[in-house]
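# Summary of structural features
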Number of protein chains: 2
Amino acid sequence: MLQLISENKSFGGWHKKFSHHSNKTNCTMQFAIFLPPQASENRKVPVLYWLSGLTCTDENFMQKAGAQKMAAQLGIAIVAPDTSPRGEQVANDDAYDLGQGAGFYLNATQAPWKEHYQMYDYIVHELPALIEQNFPVNQKRAISGHSMGGHGALTIALKNPQNYVSVSAFSPICNPVNCPWGEKAFSAYLGEDKSSWLQYDSCELLHGATAILPMRIEQGTQDNFLSDQLKPESLLNIAKNKPFDVQLNMQEGYDHSYYFIASFIDEHLAFHAQYLN
Amino acid sequence: MLQLISENKSFGGWHKKFSHHSNKTNCTMQFAIFLPPQASENRKVPVLYWLSGLTCTDENFMQKAGAQKMAAQLGIAIVAPDTSPRGEQVANDDAYDLGQGAGFYLNATQAPWKEHYQMYDYIVHELPALIEQNFPVNQKRAISGHSMGGHGALTIALKNPQNYVSVSAFSPICNPVNCPWGEKAFSAYLGEDKSSWLQYDSCELLHGATAILPMRIEQGTQDNFLSDQLKPESLLNIAKNKPFDVQLNMQEGYDHSYYFIASFIDEHLAFHAQYLN
């Protein structure tokens, strides 16, 4: 059962925020949806799922990316889930890069995280079913995200190409098994056996892939996290030895912020629209 | 002397945040500026001043309005000042609608406010001089704002038509001497003599005007503050008896939020560009 938290008219469509009980994460989750003006029972629209980065909720993208104008023009709904389970009963950590706000879009196997941190199942299975049951949308889905959410979008698309038509990412964590953010989170959520980490690593997944979805990655050259945490060149090096067209756009002078995302979100929406519409 | 706090590349231009000592408000002030890609020493660009509403800082508009894409296309700089003086030594109040974050763009005459709350002089005189001295901008200025900032934009433009080429507002407080927000703030800042309030009331200023700038007002019909606080019909009724063209657009279903502002900011930028370029 969805509970409406708030709604705002936006570019002729609606921004709506909901809470609901999740069976996968075993707690109350919130998400936001932008419904373009075209969406109606007579015209179901496709959906772009947006996965946010560390510390974010559903709000950052909806408030700061400036995506609604183009989404309204293209007739695309956007769903922005939260970045982790939440609540007093949900395990947490004082650090910004572990626990609430840092779910890393995986299914945790280790205590105390495994009880609620099942974000992979939530994003891949439970949320799309809920969206398609409750809103005038069809089953054409694209997926994108930023930083930790870029990691989420890439891994989920690589593991489930049948569920989506296209994937894109801004400043994604491309090789989490080889960077501080990923090593810290995967150690906690998945344990010390690094073989269990590989199923959530974009480089490893691309290495083993036989086909991939249309993929576009945007990366700012002045991003403080580029060389230590994000490593898009690792992904590109694997793609070069494969018959895959991974479009990596290095954008001169841009950083890791939403000012960067806003500058290129319209191009990503147009990229996905080619396959969604 | 300007101190750079942060900068982000945005739509080929730059979003920059600065602090500086203000002689008018007698404290450290912050503002943000968006410089479009066209701005250079060889090509000075015009400026839109944006005045924000209650509780806001320079950040709300820059992060949430989605104005940079169109401003970059049109070659318009945007300056977003803070909404009041700030700091431990600056008088304050626990309420959201008085004190810091609620300067109402006037010059206070009453203790303890008058020492720092000189926002009218700061916005009209000090800030434009500072901007024109430090950035590649020309002296073509437009002014706009939201709610309390819509009040600020309208009153400042009505009092200083020689300083601006056009004025617009989203959900402005049109008749502050006759609404709870205005009565509370003006009583505190200006004292109980209501005749001193009239110089900061858009309806009173329009009533006494002999000519006005091109003026556009956007108002959502589902704005919770419409009938009690904003009262755009009061302004329109005065304009009807004058040879003035005040364009008031009532937008069906929109509320008081930045989702409303974002939906129509491009149209306001295009409106101002007619006069700025």
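Residues numbered from 1 in each chain as written. Chains lettered and ligands numbered in written order. Predicted model: local features only at pLDDT ≥ 70, side-chain atom pairs only at ≥ 80, totals over all residues. Heavy atoms only, no water.

### With respect to the interface of chain A and chain B
On the side of chain B, 24 residues touch chain A, which itself brings 24 residues to the contact. Each partner contributes to the roughly 1900 Å² buried at the junction of chain A and chain B, and carbon and sulfur atoms together form 48% of this total. It is Lys 9, Gln 63 and Tyr 259 of chain A in chain A that bury the most area against chain B; as a group they hold 37% of the surface buried on that side. Counting across the interface, chain A meets chain B through 2 salt bridges. Asp 266 of chain B is paired through a salt bridge with Lys 69 of chain A; the nearest N and O atoms lie 2.3 Å apart. For the pair chain A and chain B, the number of links is 12 residue pairs in polar contact (both at pLDDT 80 or more). Contributions of two or more residues to the side of chain A that touches chain B are made by β1 (3-10), β2 (13-22), α1 (59-64), α2 (68-74) and α9 (258-276) of chain A. Considering each element in turn, the side of chain A that touches chain B owes the most residues, 5 residues, to α9 of chain A. Residue composition of the side of chain A that touches chain B, by class: 8 nonpolar, 9 polar and 7 charged. (Contact = heavy atoms within 4.5 Å. Buried area = accessible area lost by both parts, 1.4 Å probe. Salt bridge = Lys/Arg side-chain N within 4 Å of Asp/Glu carboxyl O. Polar contact = N/O pair within 3.5 Å; in protein donor to acceptor, adjacent residues only side chain to side chain. Helix = DSSP H or I, 4+ residues; strand = E, 2+ residues; numbered from the N terminus. Nonpolar A, V, L, I, M, F, W, Y, C, P; charged D, E, K, R; others polar.)

### Let's talk about the environment of Cys 179 of chain B
Residues and elements named next belong to chain B. Along the chain, Cys 179 turns up in the loop between β7 (166-170) and α5 (180-190). On the basis of relative accessible area, Cys 179 is assigned to the buried category, the value being 1%. Every residue in contact with Cys 179, bar those within four places of it in the chain, is listed here: Ile 173, Asp 228 and Gln 229. (Buried < 20%, exposed > 50% of the residue type's maximum accessible area, 1.4 Å probe, protein only.)

### Remarks on the sheet that holds strand β3 (residues 27-35) of chain A
Read across the open sheet, the 9 strands follow the order β1-β2-β3-β5-β4-β6-β7-β8-β9 (chain A); overall the sheet is mixed. Two strands bound the open sheet, and with one partner strand each, they are β1 and β9 (246-251) of chain A. The sheet shows a mean angle of 20° between the axes of neighbouring strands, taken without regard to direction. Relative to strand β5 (residues 77-81) of chain A, β3 of chain A is paired through 4 bridges, and the arrangement is antiparallel. For Ile 33 of chain A, the partnering residue across the bridge sits in β5 of chain A and is Val 79 of chain A. Lying on the sheet, helix α4 (residues 148-159) of chain A is in contact with β4 (45-51), β6 (137-145), β7 (166-170) and β8 (215-220) of chain A; it crosses β6 of chain A at an angle near 130°. Helix α9 (residues 258-276) of chain B contacts β1 and β2 of chain A of the sheet and is inclined by roughly 25° relative to β1 of chain A. (Pairing = 2+ DSSP bridges. Axes fitted to C-alpha atoms, helices over the stretch in contact; angles between N-to-C directions.)

### A few points about the environment of Cys 203 of chain A
Residues and elements named next belong to chain A. You can see Cys 203 is positioned in helix α6 (residues 202-208). Taking the C-alpha atoms as reference, Cys 203 lies 6.9 Å from Ser 234; in sequence the two are 31 residues apart. When sequence neighbours within four positions are dropped, the list of residues in contact with Cys 203 reads Cys 174, Asn 175, Ser 234, Leu 235 and Ile 238.

### Quick look at the sheet that holds strand β9 (residues 246-251) of chain B
By definition, the strands of a sheet pair up through backbone hydrogen bonds, in either a parallel or an antiparallel sense. Residue and element names in this part refer to chain B. If you walk across this open sheet you meet the 9 strands as β1-β2-β3-β5-β4-β6-β7-β8-β9, and the pairing is mixed. Of all the strands in the sheet, the pair left with one neighbour each is β1 (3-10) and β9. Put simply, the sheet's adjacent strands are angled 20° from each other on average, direction ignored. Sheet analysis places strand β2 (residues 13-22) next to strand β3 (residues 27-35), joined by 9 bridges and oriented antiparallel. Following the sheet pairing, Ser 22 is matched in β3 by Cys 27.

### Looking at the relation of the copies chain A and chain B
You can overlay chain A on chain B at an RMSD of 0.0 Å; the transform is a turn of 180° with a shift of 0.0 Å along its axis. One copy is carried onto the other by what is essentially a two-fold rotation axis. Looking at chain A, 100% of its interface residues are interface residues in chain B too, so the copies touch through the same face. (Least-squares fit on C-alpha atoms with pLDDT ≥ 70 in both.)

### Quick look at the packing of aromatic side chains
Taken as a whole and judged by the stated rule, the model has 34 aromatic pairs over all chains. A connected cluster of aromatic rings, assembled from ring pairs, spans Trp 50, Phe 61, Phe 170, Tyr 254, Phe 260 and Phe 264 of chain A. Lys 159 of chain A extends its terminal NZ or CZ atom over the ring of Tyr 120 of chain A, reaching a point 5.3 Å from the ring centre. A cation over a ring is seen here: Lys 16 of chain B above Trp 14 of chain B, with NZ or CZ 5.8 Å from the ring centre. (Phe/Tyr/Trp six-rings, centres within 6.5 Å; stacked < 30°, edge-to-face > 60°. Lys NZ or Arg CZ within 6 Å of the ring centre and 35° of its normal.)

### Notes on the confidence of the model for chain A
Looking at chain A as a whole, its pLDDT mean stands at 97, while 100% of the residues score no less than 70. Here the predicted complex carries an ipTM of 0.95, next to a pTM of 0.96. (pLDDT = per-residue confidence, 0-100.)

### So, the side chain of Thr 155 of chain A
All names here are of chain A. Among the structural elements, Thr 155 can be located in helix α4. Residue Thr 155 is classed as buried on the basis of its relative accessible area, which comes to 0%. Looking at Thr 155, its side chain comes within polar contact range of the main-chain oxygen of Gly 152, at 3.1 Å. Those residues within four positions of Thr 155 in sequence are excluded, and the remaining contacts are Tyr 200, Asp 201, Ser 202 and Leu 205.

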